[in-house]
Each structure stands twice: as C-alpha cells, then as structure tokens.
Amino acid sequence: MQSERKVNVSFLCQRCLQPLKLDSSFSSLGEHTLAELSLPVTISPEVDLEAAVIDHFVPQFQLDDSGNGINGFTLLGTQREPGDLSHFMKVTASLFDTLSSNSEIDHPLCEECTDMLIDLMDQQLKLMEDEWDDYKNFLERLKTESFEENIEVLNKELKDLLIEEERLKFELSNAQQEEKAISLDLEEQKKNSEKLDIEEVRYWKEYTKHRNEYILIEEEFKSLNCQLAYTKGQLEKLKKTNVFNATFHIWHSGHFGTINNFKLGRLPSAPVDWSEINAAWGQTALLLSALANKMNLKFEKYRLVPYGNHSYIEVISEQKVLPLFGSGGFKFLWDNKFDSAMAAFLECLQQFKEEVEKGRSGFCLPYRMENGRLEDSGTGNSFSVKIQFNSEEQWTKALKFLLTNLKWGLAWVSNELAHEKEYFVF
C-alpha cells in the first residue's frame, strides 16, 4: 500500500510575517464545530459598540494584502491545487477564514503579536471606560442643574450670536464689495503696469539713442574745442606776424639784391638766368602794388599788373603795355620797352615815397630817385635802372638800391600796421 504523500505547509503571522507553528488540536476540529463558528454572532448594541472599537483597532504595521487573496493568509512551502490540500490544511484555512471574516484583523497571528494586540485593546478599553465615566458625570450634573436658567442663558447667547452673525454678514458683504473694488483697481493697476513697462522699454531705447547722440556730440564738441584752441593759437601767432615781412623777404647775396631768394641783376662773373630775374621783377611789382593798395594809393600814370615772371605795367594815358621782363643776352638786349618799364616802376616807387613822406617828418628813403636813376648820398654817384648804355655792374647796383628803398618802405608800412593792428591778406 502506497504511503500518503506529505505536504509541508506552514502559515505566516499576518502582522510580523514570521512563520507559525500551529497546535495539533487544530486538526481535530470537526465540521459541526466549524459550522457553529461560522454562525453570525448576535450581540447587544452596547456590546457591539465596544466590539467594533476593538475590531477596528489595527496597529500601524498591519499588512493589508495577507496571503494569496483567496483565504486571507499566506502559505509557505510547495504550492498545490486546492483539490490536493490535506484535511488538516482545509480545516485550518477554514478556521482562519472564519476569524478574519468576523473582524478587520487578518489571522493567523503569532503569540507576540496577539499579546501586543491585547495590550492595545486593554488601553483602548481603559480610554473608553474613562470617557464613559466623563459622560456619566456630565449626565449627573445635567440632572441637578436648572434647565430654565440654562435655556434663558442659551437664548440670550443665541440672540447675541445672531446679532453678531448679522454684523459679521454685513462686514463680510462690505469686505466682498471692497474686495471687488480692489480687484478692479488691481486689474487697472496691472494694465497701467503693462503700459508703464512698454513705456519703460521705449524710454530706455530713446535714452540709449540720445545717449549715443550725446556721446557723438560731446566728442564733436571736444574736437571743435581742440580746433578752436588751435585756431586761437594760430590767430595769436598771426597777430604777432607781419604779413608783408612773411610774404616778401628782401635781402642781399653778395653784389645782388634778392627778393624771396630771387636775384635781381646780372654780373659777368656771376651770370643769372633771365627766368630768375623776371621772377624777381614779378615779386617786386607784387610788393609795390600791395603796399600801394594798403595806403589806398593810385599811381597817376601807371598801373602795376603783377603776373609772375611776365608782369607788366600799363600806361594809362596811352593804353600801352610795358613788359617788366626780358630775355636773351645782356650785350645784345636793346629792348626800349623793358627799359621804359623799369623806369616807370622807379617812378611809381618815387610816388610811393612822396605819399609816405607827406606829413610824416623824420622818414626818408636811403637812395634818392630821379629820372630813372638812383643816387648814393654817401658818394654822390648815381646808377641807372636802364640796360642801354649801361654796364651789368652799374645796372645790378641800381637794382640793389631799388630793393633797398622798397625794403624801407615795407618796414614803414609794417610799423604802421603794428600800431593800427590791421592785417592785410593777399
């Protein structure tokens, strides 16, 4: 006969999840006993209240899902189909199902968890007894008090509370209206804030633009100040500068008189190119014309026309032009017009001398001029400015005297300009 197959099944405590060792007496429960345990328990309302408190008291560490979801407990060991469970397993499972269904506490429980639960229930029972004593004492006190006085006091308190309620309702209504007004004002302020934000953005854009313009204008202003300072410096420098002296420099180079470094004259030992002589005559004509204009002097017979190295003199009465320039060799130059132009220039210089000496005693040019000749007062010798029937040495000497007289006239006009603080610009 084949021996019955053993099933190793155990249960877990539904609180601490520790394995349980069941007593062997659980296997002796019969179907009649199980049926009696399954009957609903009928208790009085007072007892039901206390039982409900105990049944619903569950500690914090309770596990809700205890078992496989069918019988409300957990099986350990080899799992088998429900039809293969032993009679012991079936009886024990039925017992634990019955206990779990009659309360909200899952079974089975170990001994320690059971003792702990009993202690908690004892504490709950003590609290309930104390509360019951409080209710009992309060009930006894109510029985001894006068209900009429309490009703009057309560009615007065109720009336006061109703008045307070009306007042609070009125305040609440005012507060709600004020809240609405504040909400509307808040919305308006939000709109104004948005507008101000937009205005602020536009303001900063314009500020940045104007700031850049200001920086550019400030830089331009500083630049103009620098230019103004430079211009003032130049003006002060020009005020101290004589225009005639700066423009016309009359000096000498050996036997030659020079004007702006152009030699006026020729020597056999030092021939000078005619282009340089003509340029010197152009500078000389320009200087005498400028001095005459400064003095508002108009020559009676002639008009000087400075034209560089091709300057000339117009004879006003004859409508004739006298060239103040020459060309070719000195020995073969028989140009009466050039000689006439140099004599006319000397006559204009003589007229300028007479204008200067009018009413101004003490000023006199160093060389006397007459009939196209210049006389040296120291030796009494005179020299002609014409080329015909003249030597290069004497002609060069006469031109040097002419430039010397012109330099003296320039010095006199410059002195007058310094006193009058007038400046002439060509």
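What counts, and where the lines are drawn
Residues numbered from 1 in each chain as written. Predicted model: local features only at pLDDT ≥ 70, side-chain atom pairs only at ≥ 80, totals over all residues. Heavy atoms only, no water. Pairing = 2+ DSSP bridges. Helix = DSSP H or I, 4+ residues; strand = E, 2+ residues; numbered from the N terminus. Axes fitted to C-alpha atoms, helices over the stretch in contact; angles between N-to-C directions. Contact = heavy atoms within 4.5 Å. Expected span 1.5 Å × (residues − 1). Buried < 20%, exposed > 50% of the residue type's maximum accessible area, 1.4 Å probe, protein only. Salt bridge = Lys/Arg side-chain N within 4 Å of Asp/Glu carboxyl O. Polar contact = N/O pair within 3.5 Å; in protein donor to acceptor, adjacent residues only side chain to side chain. Phe/Tyr/Trp six-rings, centres within 6.5 Å; stacked < 30°, edge-to-face > 60°.

Let's talk about the sheet that holds strand β4 (residues 250–253)
Pairing within the open sheet is antiparallel, and its three strands lie in the order β4-β5-β6. Each edge of the open sheet carries a strand with a single partner, namely β4 and β6 (262–264). Averaged over all adjacent pairs, the angle separating strand axes in this sheet is 40°, with direction ignored. Of the pairings in the sheet, the one linking β4 to strand β5 (residues 256–259) comprises four bridges and is antiparallel in character. Its bridge partner being in β5, H252 is matched across the sheet by G257. Helix α7 (residues 274–294) rests against β4, β5 and β6 of the sheet, and its axis sits at about 90° to β6.

Looking at α7
Spanning 21 residues, α7 covers 30 Å between terminal C-alpha atoms, matching the ideal 30 Å at 1.5 Å per step. Burial analysis of α7 places 15 of its 21 residues in the buried class, which makes it a mostly covered element. Of the residues one or two after α7, N296 is the one with positive phi, at around 55°.

Some remarks on the pattern of salt bridges
Applying the stated criterion across every chain, the model contains eleven salt bridges. Across the salt bridge formed by K169 and E165, the nearest N and O atoms sit 3.4 Å from each other. Remark: E165 and K169 occur in helix α5 (residues 147–239); sequence separation between them is four residues, near one turn of the helix. Judged by relative accessible area, E165 falls into the partly exposed class, the value being 35%. Close ionic contact of E171 with R167 constitutes a salt bridge, the shortest N to O distance being 2.4 Å. Here R167 and E171 lie together in helix α5, a separation of four residues that amounts to about one turn. By relative accessible area, E171 is classed as partly exposed at 38%. Under the relative-accessibility criterion, R167 is labelled partly exposed at 37%. Here the salt bridges share partners, and the residues they tie into one network are E164, R167 and E171.

Topic: the sheet that holds strand β7 (residues 302–305)
Taking strand neighbours across the sheet as the criterion, the three strands line up as β7-β8-β9 in an open arrangement whose pairing is antiparallel. Each edge of the open sheet is held by one strand with a lone partner, namely β7 and β9 (320–323). In this sheet, neighbouring strand axes are inclined to one another by 25° on average, regardless of whether the strands run parallel or antiparallel. Sheet topology places β7 next to strand β8 (residues 312–315); four bridges connect them, and they run antiparallel. The residue of β8 that forms the bridge with L304 is I313. Where helix α8 (residues 336–357) meets the sheet, its contacts fall on β7, β8 and β9, and the angle it forms with β9 comes to roughly 95°.

What about helix α4 (residues 111–144)?
In this model, α4 (34 residues) spans 49 Å end to end at C-alpha, consistent with the 50 Å of a helix rising 1.5 Å per residue. Listed as buried for α4 are C113, L117 and M121.

Observations concerning the side chain of S311
Examined against the element boundaries, S311 turns out to sit in the loop between β7 and β8. Here S311 falls in the buried class, since its relative accessible area comes to 1%. A polar atom in the side chain of S311 sits 2.6 Å from the backbone nitrogen of Y307. Among the polar contacts listed, one links the side chain of S311 to the backbone oxygen of G308, at a separation of 2.9 Å. In this structure S311 touches G282, A285, V305, P306, P323, L324 and F325, once residues within four positions along its chain are discounted.

Some words on the packing of aromatic side chains
All told, the structure shown has eight aromatic pairs when counted by the stated rule. When the ring of W281 is compared with that of F345, the centres are 5.5 Å apart and the planes differ by 80°; the resulting orientation is edge-to-face. One end of the pair, W281, is in helix α7; the other, F345, is in helix α8, and 64 residues separate them in sequence. In this structure, W281 and F345 share a single accessibility class: buried. Taking 4.0 Å as the distance between ring centres and 15° as the angle between the ring planes, the aromatic pair formed by Y367 and F401 counts as stacked. With Y367 in the loop between α8 and β10 (368–370) and F401 in helix α9 (residues 392–420), the pair connects residues that are 34 residues apart, well separated along the chain. The buried category is assigned to F401, whose relative accessible area is 5%. Through a chain of ring-to-ring contacts, the aromatic side chains of Y203, W204 and Y207 assemble into a single cluster.

Let's talk about the side chain of Q14
Structurally, the position occupied by Q14 is in the loop between β1 (9–12) and β2 (19–20). Owing to a relative accessible area of 2%, Q14 belongs among the buried residues under this scheme.

No statement about biological role is implied by the geometric values presented.
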